[in-house]
Amino acid sequence: MKKYVIGVDFGTLSARAIVLRVSDKTVVSESVFEYRHGVMDKSLPSGVSLPDGFALQHPADYIEALRESVRGAIKKSEVSSSEIGGIGVDFTASTVLPIDKNGTPLAFDERFKNEPHAYVKLWKHHGAQKEADDFTKAAKDRGEKWLDSYGGIVSAEFMLPKILETARYSKDVYDNTYRFIEAGDWINLLLTGNETHAAAFAGYKAFWNEKNGYPTNEYFKSVDILLDGIVGTKISDRINPVSEKAGYINKYGSELTGLDIGTPVSLAMLDAHAAMPALNTTANGNMMIILGTSACHIINSDKEDVVDGIFGCVKNGVIPGKITYEAGQQCFGDAFDWFVSNCVPSSYSEEANEKGVGIHTLLTEKAQQLKIGESGIIALDWFNGNRSVLVNSRLSGMLVGVTIQTQPEEIYRALLEAAAFGAKRITDQFEAFGISIDKITAAGGIASKNALLMQIMADVLNKEIFVCNTTQAAALGSAVYASVAGGFYDDVIIASADLSPEVKAVYRPIEENVIKYKALYSEYLTLHDYFGKTNMVMERLRKIKQDC
């Protein structure tokens, strides 16, 4: 009777659910639901203003999105709930919220409706940069070896800096919090009633590793006495490897989703990492790049090495038995959307409407007519800060070479090229530290929609890039994990080989373009090192802005 599984991908702005028929790896339906409050970076629903660098969400949006997306996908599929043999979810990270002992978010408490720190701190919440710096300094002062696994720098995007920020600036919220929990783990708590904490979240975002667990309490106290005793209290010390289940759908989970009580639930996974089994990139040397609002670069290995500036490496967090490295770009598609929303004249929108295409399509078509280097512009892709390899959320974007003759499509192409240059800086770093990259597979909406960008990336990276035939790689990956939890397969590697989609396109480097881009990339590196390491004018400007 069990023929189908469900995968749910919680992204930055919406949740997407798919129903997958396991027998022929066919996605029979999908449903998308946008969060009612979106990203709260200016004010709370009550009107309370938010500081610069804040990016919050409302946990009620996740419950609504889970209900509507799963029920919507099941309805479209015309499949009976009795035929569904498992469900898996993935989530952005570190996206963290404070809950009470009953699992209720503090944001639901009337006492805290005007308190920003009671809400969800989204992955791109950068308000805790000072706290991240304090974690880094204390770790270096004490010679903490675990810091090597995070490239030697703690990011403001990690879980612990966000928690310390709450402790310092809203002690009432901190004291009333039973547990700080990743949003993905919280969703599974709602579905099953079991409090699980996936190794992927703890490993990539909270300093945990399989061998040594969390850093010592002495370390946490050296950062701030407020963190004394945090492990086992405010954060759980029970971490679940990827091979475990989260549990089974309980009564509330059934009422929420329409699934039968007892339906198996896989552990929650980071959204980008979930795509790894969906794209069958489980072997050593196979890099997966997920291109969305941000970009993640993930690769497996059998050895654990120090790679400076790389975001993390975790064993048994994504693929059983593998050590999986993660790096990424905090700003990818966000930069293109920012430019279109703020910097394109109305005449371009009118032209796009006349042609019956979107503004991104029009700008891509115009940018494609330009020769490499013709615009004379280089951009730095740090519009949300830099995740790898500088690990500094205080950095900001830059355009160099703009004149009064510059046209929008020239800037747009420069942004596409900067995104590719940022990706190359990451692949170069992996290879410089002995992590070979034999194959690159890309996924995400941008990979499927923008052939120009994918060709630019192939030329800049000087590597073939394979794009799989799926627009919902993360949701498909969660469905793959669900297929293992539901007993359709013995392990993720076997399920991945069987359920991954066909290759949709292959982008091969063009020798002439490779040569031309080497010159531009050299200029990018000059700007990268000068403004990322030598002249910290961007940090000073951010400080001036915050003081205004």
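Read on for a plain summary of the structure. (Residues numbered from 1 in each chain as written. Predicted model: local features only at pLDDT ≥ 70, side-chain atom pairs only at ≥ 80, totals over all residues. Heavy atoms only, no water.)

## Description of unusual backbone geometry
(1) Moving on: Geometrically, the link from Ala93 to Ser94 is a cis peptide bond, its omega value of -5 degrees lying close to zero.
(2) Moving on: Structurally, Ser94 can be placed in the loop between β5 (84-91) and β6 (96-99).
(3) Moving on: Residue Val389 follows Ser388 across a cis peptide bond; omega there is 15 degrees.
(4) Moving on: Summarising the element assignment, Val389 is placed in the loop between β16 (378-380) and β17 (398-400).
(5) Moving on: The phi dihedral of Lys25 is positive, around 45 degrees, even though this residue is not glycine.
(6) Moving on: The topology assignment puts Lys25 in the loop between β2 (14-21) and β3 (26-34).
(7) Moving on: What makes Lys25 partly exposed here is its relative accessible area of 34%.
(8) Moving on: Phi at Asn316 is positive, roughly 60 degrees, even though this residue is not glycine.
(9) Moving on: Of the residues examined, Asn316 reaches a relative accessible area of 15% and is grouped as buried. (Helix = DSSP H or I, 4+ residues; strand = E, 2+ residues; numbered from the N terminus. Buried < 20%, exposed > 50% of the residue type's maximum accessible area, 1.4 Å probe, protein only.)

## Description of the sheet that holds strand β20 (residues 503-507)
(1) Moving on: Ordered in space as β14-β15-β13-β12-β18-β19-β20, the seven strands form an open sheet in which the pairing is mixed. At either margin of the open sheet sits one strand with a lone partner, and together these are β14 (312-315) and β20. Across the sheet, the mean angle separating the axes of adjacent strands is 25 degrees when strand polarity is ignored. (Pairing = 2+ DSSP bridges. Axes fitted to C-alpha atoms, helices over the stretch in contact; angles between N-to-C directions.)

## A closer look at the pairing of β3
(1) Moving on: Inspection of the sheet shows β2 paired to β3 by eight bridges, in the antiparallel sense. Counterpart to Ala17 in the pairing with β3 is Ser31.

## What about the packing of helix α11 (residues 346-355) against helix α12 (residues 359-368)?
(1) Moving on: Where α11 meets α12, the axes come as close as 9 Å, and the angle between the chain directions of the two elements is 100 degrees. For the element pair α11 / α12, the angle class is roughly perpendicular. Only Ile359, Leu362, Leu363 and Lys366 of α12 make contact with α11, whose side of the interface consists of Tyr348, Ser349, Glu351, Ala352 and Lys355.
(2) Moving on: Each residue belonging to the contact of α11 with α12 can be placed in one class, and the counts come to five nonpolar, one polar and three charged. (Parallel < 35°, antiparallel > 145°, perpendicular 65-115°, else oblique. Contact = heavy atoms within 4.5 Å. Nonpolar A, V, L, I, M, F, W, Y, C, P; charged D, E, K, R; others polar.)

## Observations regarding the packing of aromatic side chains
(1) Moving on: Going through the model one piece at a time under the given rule, you end up with 25 aromatic pairs.
(2) Moving on: Taking the centre distance of 6.3 Å and the plane angle of 55 degrees together, the rings of Trp338 and Phe339 count as tilted.
(3) Moving on: Above the plane of the ring of Tyr174 lies Lys234, whose end atom (NZ or CZ) is 5.1 Å from the centre. (Phe/Tyr/Trp six-rings, centres within 6.5 Å; stacked < 30°, edge-to-face > 60°. Lys NZ or Arg CZ within 6 Å of the ring centre and 35° of its normal.)

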